[in-house]
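As a plain string of letters, each chain reads:
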Amino acid sequence: MRRDDIKALYTALGRRGFTQTLAELLEGRDQSGKQTPKLDANDVSIRALWEGLVGPVEETLPGASGRGQILNYVDTAEAVDTSAFASATGVLIASKVIEGYQMDGMIGDELVTNMPSKLKQERMVGFTSLEGPEEVGEGMPYGESGFAEKFVTSEAFKKGRILEVSEEVVIFDQTGQILIRASRLGEMARQEREETILAGVVDVGAATANTRYKDVYRPAGVAETLYVASNNNLLATATPLVDWTDIDEAMRYHAENVKDDRAVSGEQRPIIWMPNTLLTSRRLAGTAARIVSATEVRSGTASTNDVTMVTNNPLRNIIGGNFRALSSPLLDYLAGVASSRYNDAQDWFLGDFKRQFMWQEIYPLQTLRAQANDEAMFRRDIVARFKVRYMGGVFAAD
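Residues numbered from 1 in each chain as written. Predicted model: local features only at pLDDT ≥ 70, side-chain atom pairs only at ≥ 80, totals over all residues. Heavy atoms only, no water.

Mind showing me how you'd approach the overall build of the protein here?
Of the regular secondary structure elements, the protein holds 14 helices and 11 strands. Taken over 398 residues, the protein has a buried fraction of 41%. Contacts in the protein between residues far apart in sequence, at least 24 positions, make up 72% of those at least 6 positions apart. Of the roughly 22,000 Å² that the protein leaves accessible, carbon and sulfur atoms contribute 50%. (Helix = DSSP H or I, 4+ residues; strand = E, 2+ residues; numbered from the N terminus. Buried < 20%, exposed > 50% of the residue type's maximum accessible area, 1.4 Å probe, protein only. Contact = heavy atoms within 4.5 Å. Areas by Shrake-Rupley, 256 points an atom, 1.4 Å probe, with all protein chains shown as cover.)

Looking at this model, I keep getting lost on the pattern of salt bridges. Mind explaining?
Two side chains with opposite charge may pair up if their charged atoms get near one another. Evaluated as defined, the whole model comprises 18 salt bridges. One salt bridge in this structure joins Asp4 and Arg3, with 3.5 Å as the shortest N-O distance. Here Arg341 ties to Asp215 by a salt bridge, and the two come within 2.6 Å at their closest N and O atoms. Pair noted here: Arg341 is in the loop between helix 12 (329-334) and strand 9 (348-351) and Asp215 is in the loop between helix 8 (175-201) and helix 9 (244-257), with a separation of 126 residues, a long-range link. On the basis of relative accessibility, which here comes to 16%, the residue Asp215 falls in the buried class. If you follow the salt bridges from partner to partner, you end up with Arg3, Asp4, Arg47, Glu51 and Glu58 in one network. (Salt bridge = Lys/Arg side-chain N within 4 Å of Asp/Glu carboxyl O.)

What is the right way to read the sheet that holds strand 9 from this model?
Backbone-to-backbone hydrogen bonds pair the strands of a sheet. The strands run either parallel or antiparallel. Ordered by their spatial adjacency, 3 strands build an open sheet running 8-5-9, and the pairing between neighbours is mixed. Each end of this open sheet is capped by a strand with a single partner; those strands are strand 8 (324-328) and strand 9. Within the sheet, the average angular offset between the axes of one strand and its neighbour, ignoring direction, is 20°. Pairing of strand 5 (residues 277-281) with strand 8, which is carried by 5 bridges, proceeds in the parallel orientation. (Pairing = 2+ DSSP bridges. Axes fitted to C-alpha atoms, helices over the stretch in contact; angles between N-to-C directions.)

What should I look at first to understand the environment of Leu13 in this one?
Positionally, Leu13 belongs in helix 1 (residues 3-27). Take Leu13: its relative accessible area is 36%, and that puts it in the partly exposed class. Those residues in contact with Leu13, other than ones at most four positions away along the chain, are Phe18 and Thr21.

Help me understand the confidence of the model for the protein, please; the structure alone is not making it clear to me.
Any residue range with low pLDDT should be treated as having predicted coordinates unsuitable for detailed reading. For the protein, mean pLDDT is 86; residues scoring 70 or higher make up 87% of the total. Note on residues 68-79: pLDDT is under 50 here. Beyond four places in sequence and across chains, it has 5 contacts. (pLDDT = per-residue confidence, 0-100.)

Would you explain the packing of aromatic side chains in this entry?
Two measures describe an aromatic ring pair: the distance that separates the ring centres and the angle between the ring planes. Summed over all chains, the structure comprises 6 aromatic pairs. Between Tyr342 and Phe349, the ring centres sit 5.9 Å apart and the planes meet at 55°, which makes this aromatic pair tilted. Centroid distance Trp359 to Tyr390: 6.2 Å. Interplanar angle 45°. Geometry classified as tilted. Note that Trp359 is positioned in strand 10 (residues 357-369) and Tyr390 in strand 11 (residues 382-396), a separation of 31 residues in sequence. Residue Trp359 shares its accessibility class with Tyr390, and that shared class is buried. An aromatic cluster is present here, built from Tyr227, Tyr342 and Phe349 joined pairwise through their rings. Its guanidinium or amino end placed over the ring of Tyr101, Arg190 lies 5.1 Å from that ring's centre, counting from NZ or CZ. Over the aromatic face of Trp359 sits the side chain of Arg193, whose NZ or CZ is 4.5 Å from the ring centroid. (Phe/Tyr/Trp six-rings, centres within 6.5 Å; stacked < 30°, edge-to-face > 60°. Lys NZ or Arg CZ within 6 Å of the ring centre and 35° of its normal.)

Quick question: what am I supposed to make of the pairing of strand 5 here?
The two faces of the sheet receive side chains in turn, since in a regular strand these alternate between them. For strand 5, a buried count of 5 out of 5 residues is recorded, marking the element as mostly surrounded by other parts of the structure. Across the two faces of strand 5 the burial is the same, with Thr277, Leu279 and Ser281 and Leu278 and Thr280 all buried.

In this structure, what is going on with the environment of Val383? I would like to understand it.
Tracing the backbone shows Val383 in strand 11. By relative accessible area, which is 8% here, Val383 ends up buried. Here the alpha-carbon distance between Val383 and Ala372, two residues 11 residues apart in the chain, equals 8.7 Å. Beyond its immediate chain neighbours, meaning those up to four positions away, Val383 contacts Trp50, Leu61, Phe85, Val165, Ser166, Glu167, Val170 and Met377.

Even after reading the chapter, I still don't get the sheet that holds strand 11, so can you show me in this structure?
Taken in spatial order, the 4 strands line up as 1-10-11-4 in an open sheet, and their pairing is mixed. Edge positions in the sheet fall to strand 1 (113-116) and strand 4 (157-166), since each has one partner strand and no second. Averaged over neighbouring strand pairs, the angle between their axes works out to 30° when direction is ignored. Bridging between strand 4 and strand 11 involves 10 bridges; their strand directions are antiparallel. Across the sheet, the residue bridging to Ile162 is Lys387, located in strand 11.

Where do I start with helix 6 (residues 83-101) in this structure?
The periodicity of an α-helix, 3.6 residues per turn, causes residues three or four places apart in sequence to face the same way. Taking 1.5 Å per residue as the helical rise, helix 6 with its 19 residues ought to reach 27 Å, and the 26 Å between its terminal C-alpha atoms agrees with that figure. In terms of residue burial, helix 6 counts as a mostly covered element, since 16 of its 19 residues are buried. (Expected span 1.5 Å × (residues − 1).)

Honestly, the side chain of Ser117 in this entry has me stumped. Any pointers?
Tracing the backbone shows Ser117 in the loop between strand 1 and strand 2 (123-127). Of the residues examined, Ser117 reaches a relative accessible area of 6% and is grouped as buried. Reaching out from Ser117, the side chain makes a polar contact with the backbone nitrogen of Leu119 at a distance of 3.1 Å. Once residues within four sequence positions are removed from consideration, Ser117 is found in contact with Glu122, Gln360, Glu361 and Ile362. (Polar contact = N/O pair within 3.5 Å; in protein donor to acceptor, adjacent residues only side chain to side chain.)

Sorry if this is basic, but what is going on with unusual backbone geometry here?
Outside of glycine, negative phi angles account for most residues, and trans bonds account for most peptide bonds. Its identity as a non-glycine residue notwithstanding, Asp173 has a phi of 50°, on the positive side. By secondary structure assignment, the location of Asp173 is in the loop between helix 7 (167-171) and helix 8. Located in the positive-phi region is Ala220, a residue other than glycine, with phi close to 55°. By the element assignment, Ala220 lies in the loop between helix 8 and helix 9.

Looking at this structure, I do not really get helix 8. What am I missing?
The terminal C-alpha atoms of helix 8 lie 39 Å apart, and with 27 residues this matches the ideal 39 Å at 1.5 Å per residue to within 8%. One or two positions beyond helix 8, positive phi appears at Asp203, with a value near 65°.

Encoded structure:
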C-alpha cells in the first residue's frame, strides 16, 4: 500500500473504518465477508502508514527534520495526532504475531480440552462412582445408590511481552525488522504455552528451581504428584518402549489395577479405557511411529532371524484405527530440567489426554496498544507500544 492510497482510504473511511478495512484485507476478507486476495503484511510500509495517516515524516517527526530547536518539537507534538497510525500499526503487528503463533509442530492443543473461564481459579466438581444396579427380590425395596462429592482446582497465569515501534523504525522504514520481531514474539508465545501444557501433562511439577512449572493435579485444592504408584498410573516395572507388546502391557496393567471409586459399598469395577494417543519425546518419535504405523508384525527367533509368524499389527485390533503417536522436542528438554519429576526422555505416556487435561482459558492471545499519552513515547522516542499476552493454565481433572 502506497502513502497516497492509505491517505485516500483514511480520508474516506475515518480511523475506525480504515483500521477495520486493513484488518479484513490482512485476513483475506472484504466488508461483505467474501474471500478476497489477501494483503501481505510485508507489503505495508510503516513509514507509508505514518505519512498517510499522520503526515510527512520531515514535518511530524523531529528526528527526521534535522532541526534541533525545542520550539519546533513542541509545536509538532501538540499538532500531531498519531492515534490512527497506532491503530493501523497494531493491526499490522497483530497479524504477524498471529502468523508466528500458528507455527507448525505444536501438539499441545491435541492434549487438552479448552475450558473458557472468567475466574483465575476454578473448582471442577465431580462425584465418586455410583453403585450399579443390584438384584431385587419380589416385593423387596430397591437399594439406594450412594456417592460422594469430590473436586479438583485449576489455576491460570498471565504471560506476555511488550513490542515497541521507535521513531527510527518510521524514519528509516524498518518495517521488515519490526514485522520479524512481531512474528518471533508470536512464535515464542506459542512455544511458551506449548511448554506449559506439556510440562503439565508429563507432571514436571513445582519441585524444580524454575517457578514457571506448576503442579497441575490439585484434588480438593491440594497440589499432589500426579504419576505415583498409589494412583495406579505407573507401570509396576520399568518398561522401555520397543514394540506393540509394551503398549499391550500398559493396557493389561490398567485392566487389572485401575478400578472405580464407589463410595459406600459394593465391589469396585474396572474403568473402561480406550487410549488414543502415544506421547513421547523426540528421542522415541521414530520408535513410536514404527509401532503405530506398522501394517504387520513378524515374530520368530531373533538369533537366527527365523520368522515363525506374520500377523497384522495387533494394535489395530486392540486399540483401533484412530490411535496415533505424538512427540515433541520440548519433552526432551523437560526431561533435563533440574529436580523435575519427569527426568527421562525414554519415558512414554499412553492415554486419552483430552479427557484428563483441561486448558483453562481466561483470554486467548491478544495484542493491545498503549494509550497515546504513554510516558515511554516522550522518554525514549517511542511512537507506539504494543503488549502481547494471554492468560490460562493447564490442570488434570482426575
